[in-house]
Amino acid sequence: MSEQVQPAVSDEVIVYRKRRGVELLLLLLAQSFGFAGWIITDLNLYGELPSNLIVVACIWYGMGVAAHLVVRFLLPYADPIILPCVFLLNGLGLAMIYRIDQIPEPIKDDSMTQLIWTGLGLILFAAVIIVLRDHRRLQRYPYLMFIGGLFLLLLPLMPGIGHASGGAQIWIRVAGFSFQPAEIAKIMLAIAFAAYFYEKREVLALAGRRFLGIELPRARDLGPIMIMWGASLAVMVFQNDLGTSLLFFGLFTVMIYIATERPAWPILAGTLFIGAALAAYKFTNHVPRRVNAWLDPFSDYDKNLQIISAQFGFAWGGLFGRGWGLGRPGLTPLAKSDMIAAALGEEIGVLGLMAIIMVYGLLIARGFKTALTAPDGFGKLLAAGLSFVFALQVFAIIGGVTRLLPLTGLTTPFMSQGGSSLIANWIIIGILMVISHRARMPQAATAAPQEVGDLEAHTAVISR
């Protein structure tokens, strides 16, 4: 990020339309996709409408309207596209979890649990909006956020509370409840990186020795990257979690590159990560297994059953899918969590999965647009970092399910079963909405957002 100069206040006032009515219409439409998937599942499986149709409709649409009202009254200038995108993804995830619930005998109720997690996520989304109001408050505690985030990231390694599931030790269990602390850690570390890099960007941009035509950073500035490299290596080796390691190191690398605009940082970080990945491939058991499942899954049917079943599911679904309730997604292990993209690809087809990816792309694009329009450097970095988290997570998990990449243990944001990921992602959306509101507020040509009442003395108004 280049050095910013505070511009002089001009007579022009930039006014974005609020578009809250558009948001409400898009929101109701977006919610209808998941709701329709739930109804069609029952029609295809049982030949009748769900018995609790009215109750579920009131709860589901009531959640959307409640979230809209919070935004309408507290963040009237927030981006009107973000919330409908999230409800669309969340609703499709709930519908697919419900569909997979119908497979075993007796029928499970994981979709109801996921709906409760959605409600809790919405409460935290509203709490972020009500309490935060101005994202620049988060800028005050970079070191505290960094220490807290690093502690949460490595907490599953602590004896007694660390819990392994699916081969990865990324959970903690306290009083019978399981939680994945890395989901909260990614928010805290994104805030810490944004605050630290914005404050130190000029120092980090200074060049050190020149090597192969690339100006490397100064040796004294390598401390942060070595700490994150060590933490990522610890996650990869001791927690057996390649995806989380990739997510955090990728977040760090992108944010330091945006802050300094120096290509040496991503080159150095990429070299370090590749070196660590090669070492993990050589000296650990789980990384070679993941690579083998990616390159040659049929060499070991038993060990690679998950990825093989996903490929058969895609083939069985074809371009247009089998229809809600008419596929066999239950044959794929962990179809509700890691493999929910494969389950959707089987029942709504490759075209449906591509449409979902486009919704993710739209959500991420609106996040990056928020970063571009944010008037302060910290807001730009934080919005870009949080948007990149979604982008990398979607790329890694859907790339893994479709065998574009080795499969990682990351969740599909807003769709996979699990409370930790869902509530953390709703908190991220709350922060993005706050930044978006501050970025779109009526303001003169100044880096500090101002209220409409403060700008009445200015003359010209430009609508966008």
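Residues numbered from 1 in each chain as written. Predicted model: local features only at pLDDT ≥ 70, side-chain atom pairs only at ≥ 80, totals over all residues. Heavy atoms only, no water.

### Regarding the side chain of Ser387
Thinking step 1. As for its placement among the helices and strands, Ser387 is situated in helix H13 (residues 377-401).
Thinking step 2. Setting aside residues up to four positions removed in sequence, Ser387 forms contacts with Ile364, Gly367, Phe368 and Leu432. (Helix = DSSP H or I, 4+ residues; strand = E, 2+ residues; numbered from the N terminus. Contact = heavy atoms within 4.5 Å.)

### As for the pattern of salt bridges
Thinking step 1. By the definition in use, this model includes 8 salt bridges.
Thinking step 2. Linked through salt bridges whose partners overlap, the residues forming this network are Asp101, Asp110 and Lys336. (Salt bridge = Lys/Arg side-chain N within 4 Å of Asp/Glu carboxyl O.)

### Focus on empty space enclosed by the protein
Thinking step 1. Inspection of the entire model under this criterion finds 3 cavities of 30 Å³ or more.
Thinking step 2. Size it by volume and the largest cavity reaches roughly 90 Å³.
Thinking step 3. Listing elements by their share of the lining of the largest cavity, those giving two or more residues are helix H6 (182-204) and helix H8 (242-260).
Thinking step 4. Estimated volume of the second largest cavity: approximately 60 Å³. (1 Å grid on protein atoms, 1.4 Å probe; cavity = no way out; pocket = protein on both sides within 12 Å on 5 of 7 lines; lining within 4 Å. Points joined across faces, edges and corners; volume = space filled by probe spheres on them.)

### Here's the deal with the nonpolar core
Thinking step 1. In this structure, Phe125, Leu382, Trp426 and Ile429 are the most contacted members of the largest nonpolar core, which totals 123 residues.
Thinking step 2. With 15 residues, the top contributor of residues to this core is H13.
Thinking step 3. In contact with Trp426, other than residues within four places in its own chain, are Leu83, Val86, Phe87, Asn90, Thr118, Gly121, Leu122, Phe125 and Phe414. (Core = buried A, V, L, I, M, F, W, Y, C linked by side-chain atoms within 4.5 Å. Buried < 20%, exposed > 50% of the residue type's maximum accessible area, 1.4 Å probe, protein only.)

### Quick notes on unusual backbone geometry
Thinking step 1. Residue Pro106 is reached from Glu105 by a cis peptide bond, and omega for that bond is 5°.
Thinking step 2. Of note in this structure, Arg133 is not a glycine but carries a positive phi near 60°.
Thinking step 3. Considering the arrangement of structural elements, one finds Arg133 in the loop between helix H4 (110-132) and helix H5 (142-154).
Thinking step 4. In the Ramachandran plot, Phe414 falls in the positive-phi region, its phi being about 70° despite a non-glycine side chain.

### Concerning a nonpolar patch on the surface
Thinking step 1. Residues Leu319, Phe320, Val350, Leu351 and Met354 make up a contiguous nonpolar surface patch of roughly 480 Å² in combined accessible area.
Thinking step 2. A relative accessible area of 46% places Met354 in the partly exposed class. (Patch = residues over 30% accessible without salt bridge, like charges linked within 9 Å, V, L, I, M, F, W, Y side chains within 5 Å. Areas by Shrake-Rupley, 256 points an atom, 1.4 Å probe, with all protein chains shown as cover.)

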